[in-house]
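Below, each chain spelled out in residue letters.
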Amino acid sequence: MLNDSIQYHNGALFCDSVAVTEIIAQVGTPVYIYSLKRALHNLEQIRAAFHELNPHIHYSSKANSNLAILKSLIQSGAGIDAVSAGEIHRALLAGVSAENIVFAGVGKTPNEIAYALEQKVGWFNVENIAECQYINDAITAGKHAPAQIALRFNPEVTANTHPYISTGHGGAKFGLTAEAIRYLLAQQADYPNLKFTGIHLHIGSQLHDTDATRQAVQAALELIAPYPEIRTVNIGGGLPVAYKPDEQIPSFESFAETLTPLLKGYTVLLEPGRSIIADAGMLVGTVLYVKRQAGQIFYIADVSMAELIRTPLYNAHHEIVPVVLPESLPTIPQGEGNFLVNVVGPVCESSDVLGRSVPLPEMSPGAPLAILTAGAYGMVMASNYNQRPRPPEVVVSEDGQSWDIARRRETWDDMLSAENL
Ligand SMILES: *Cc1c(COP(=O)(O)O)cnc(C)c1O
């Protein structure tokens, strides 16, 4: 969606002070474009909203792990929430100090646990009773220092979000029940290498309900009340992002106002991903063909579910807009003079639809279009399906004036590089 960084000027779409047409003239399409300014602004907004708690903000790097993005968030003081050893490796390369990494994940392998211990990550967010045994034994075997553990609590609260991105309900694979946590804490002596000093919760993404979050945090605090050594509460990520112009979502401030009174006196960690990077990014493609068939209009573009799978996977909505507005149409899509079209990709799947019934002006082959709010869970989920090289990622600098190819377009050779020829 449009915001202070993603805007039209004289009918042309810009990322801060850079015209999208300038980037695609040099780089081609499809291409991801990110506003560093917007990402850093979002980080600051979250920090400001929660300032009374002075939280440690651990950017959830699975949302977008481009090194340029990681480096600049880390330089602005963010820690990292990693969900695999690969993410830890990448975050360290981007310059985070290991103590500012939290390592989460429902299925950490023995190799990942050993690597995280060697690197001395700050926290393990634990989701299994057996995981405690593994970590404890790996510390003994590797003669590592004791590890800080935050037990991930499944509060059995239903976050009012898409079932695929809700994680805090009783039937989900995530977290530990209150009973399992009490059991573990009663058996702490069995794990002499573990310091049980934190509680963690992450009840889902795109949280639309501050009250469900309040209930979950309250339940976590009641659970840890008998254990005075647990003074760290990691409240996870999930802060919502608007994907549609008329979408009403609770603000960062409303989450902060709800949670601050509960959490005063604790060390608080946050793990935002989407809310930092989603609206800082767009995916730009080009219309290849216009097809009128079965009473519908299809814009067949050079961008597909291989580059952005959120719509087929979650039925997610992304605004799609022309990069250059036609002169006869000074307003964008919602206005008169637009057609309802289906924007589809070239991939051999019926689900390769980026937008259904999208209001767009008449566009000819060669016209570029932008899929907005695509900075989170976009490139990180891209694949080589149909042997499509993954797109480049362009980052517009913090001052908004210049841009750089942070990751080049993949080549056919890149796609073959791991195979025996
Ligand atoms: C995915 C995830 C996050 C980030 O979620 P967002 O909705 O992107 O903010 C944070 N913490 C954990 C444990 C996660 O799995």
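Anything mentioned here points back to the structure above.
Residues numbered from 1 in each chain as written. Predicted model: local features only at pLDDT ≥ 70, side-chain atom pairs only at ≥ 80, totals over all residues. Heavy atoms only, no water.

**Remarks on the pattern of salt bridges**
Pairing is possible between side chains of opposite charge, provided their charged atoms come close.
Then comes step 1: As enumerated under the stated definition, the model contains 10 salt bridges in all.
Then comes step 2: Residue D279 is joined to R38 by a salt bridge in which the shortest nitrogen-to-oxygen separation is 2.9 Å. With D279 in the loop between α10 (274-277) and β13 (281-293) and R38 in helix α2 (residues 36-49), this pair connects stretches of sequence that are 241 residues apart.
Then comes step 3: On the basis of relative accessible area, R38 is assigned to the buried category, the value being 13%.
Then comes step 4: Among the ionic pairs, E410 bridges to R390, the shortest N-O distance being 2.7 Å. Residue E410 is found in the loop between β20 (403-407) and α12 (412-416), and its partner R390 is found in the loop between β18 (368-372) and β19 (393-396); the two are separated by 20 residues along the sequence.
Then comes step 5: Classification of R390 by relative accessible area gives partly exposed; the value is 24%.
Then comes step 6: Linked through salt bridges whose partners overlap, the residues forming this network are R390, R407 and E410. (Salt bridge = Lys/Arg side-chain N within 4 Å of Asp/Glu carboxyl O. Helix = DSSP H or I, 4+ residues; strand = E, 2+ residues; numbered from the N terminus. Buried < 20%, exposed > 50% of the residue type's maximum accessible area, 1.4 Å probe, protein only.)

**Some remarks on the packing of helix α4 (residues 85-93) against helix α5 (residues 110-119)**
Then comes step 1: Viewed as axis vectors pointing N to C, α4 and α5 meet at an angle of 25°, and their least axial separation amounts to 9 Å. When the axis of α4 is compared with that of α5, the two are roughly parallel. Between α4 and α5 lies a crossing of left-handed hand. Residues A85, I88, H89 and L92 of α4 touch α5, and the partners they reach there are E112, Y115, A116 and Q119.
Then comes step 2: A class-by-class count of the residues in the contact of α4 with α5 yields 5 nonpolar, 2 polar and 1 charged. (Axes fitted to C-alpha atoms, helices over the stretch in contact; angles between N-to-C directions. Parallel < 35°, antiparallel > 145°, perpendicular 65-115°, else oblique. Left-handed = near helix turned anticlockwise from the far one by under 90°. Contact = heavy atoms within 4.5 Å. Nonpolar A, V, L, I, M, F, W, Y, C, P; charged D, E, K, R; others polar.)

**Remarks on the nonpolar core**
Then comes step 1: If you look at the biggest cluster of nonpolar residues, it comprises 102 residues, and the most contacted ones within it are F50, Y59, F124, I135 and L151.
Then comes step 2: Ranked by residue count, the leading element in this core is helix α8 (residues 210-224), at 7 residues.
Then comes step 3: In this view, I135 contacts I113, L117, F124, V126, A147, I149 and L194; residues no more than four positions away in its chain are not counted.
Then comes step 4: Counting 21 residues, the second-largest nonpolar core is a separate cluster that includes Y8, I33, V323 and L325. (Core = buried A, V, L, I, M, F, W, Y, C linked by side-chain atoms within 4.5 Å.)

**Some words on the environment of V303**
Then comes step 1: Here V303 is to be found in the loop between β14 (296-301) and α11 (310-314).
Then comes step 2: Under the relative-accessibility criterion, V303 is labelled buried at 0%.
Then comes step 3: Residues V303 and R388, 85 residues apart in the sequence, show an inter-C-alpha distance of 9.9 Å.
Then comes step 4: Setting aside anything within four residues of it in sequence, one finds V303 in contact with P30, L283, G285, V344, G345, P346, L354, I371 and R388.

**Re the side chain of T213**
Then comes step 1: Position of T213 relative to the elements: it lies in helix α8.
Then comes step 2: You can call T213 buried: its relative accessible area is 8%.
Then comes step 3: Non-local contacts of T213, meaning those with residues more than four positions away in its chain, are made with I203, L207, F255 and L259.

**Details of the sheet that holds strand β6 (residues 79-82)**
Then comes step 1: Taken together, 8 strands build a closed barrel; the order of strands is β5-β6-β7-β8-β9-β10-β11-β12 and the barrel is parallel. Sheet twist, expressed as the average angle between the axes of neighbouring strands with direction ignored, equals 30°.
Then comes step 2: Pairing of strand β7 (residues 101-103) with strand β8 (residues 123-126), which is carried by 2 bridges, proceeds in the parallel orientation. Within β8, the residue paired with V102 across the bridge is W123.
Then comes step 3: Each of β7, β8 and β9 (147-152) touches α5; the most contacted strand, β8, lies at about 150° to it.
Then comes step 4: The strands touched by helix α7 (residues 178-186) are β9 and β10 (194-200); relative to β9, the strand with the most contacts, the crossing angle is about 155°. (Pairing = 2+ DSSP bridges.)

**Here's the deal with the pairing of strand β16 (residues 339-344)**
Then comes step 1: Alignment of β14 against β16, held across 3 bridges, turns out to be parallel. Residue Y299 lies in a different strand from β16, and its bridge partner there is V343.
Then comes step 2: Where β16 and strand β17 (residues 353-360) come together, 5 bridges link them in antiparallel fashion. Within β17, the position partnered with V343 by the bridge is G355.

**What about unusual backbone geometry?**
Then comes step 1: The step from T29 to P30 runs through a cis peptide bond, and the omega angle for that step is -5°.
Then comes step 2: Relative to the helices and strands, P30 resides in the loop between α1 (20-27) and β4 (31-35).
Then comes step 3: A positive phi angle is found at A294, which is not glycine, with a value near 50°.
Then comes step 4: Looking at the element boundaries, A294 is found in the loop between β13 and β14.
Then comes step 5: The residue N315 is not glycine, and still its phi comes out positive at about 60°.
Then comes step 6: Checked against the element boundaries, N315 lands in the loop between α11 and β15 (320-322).

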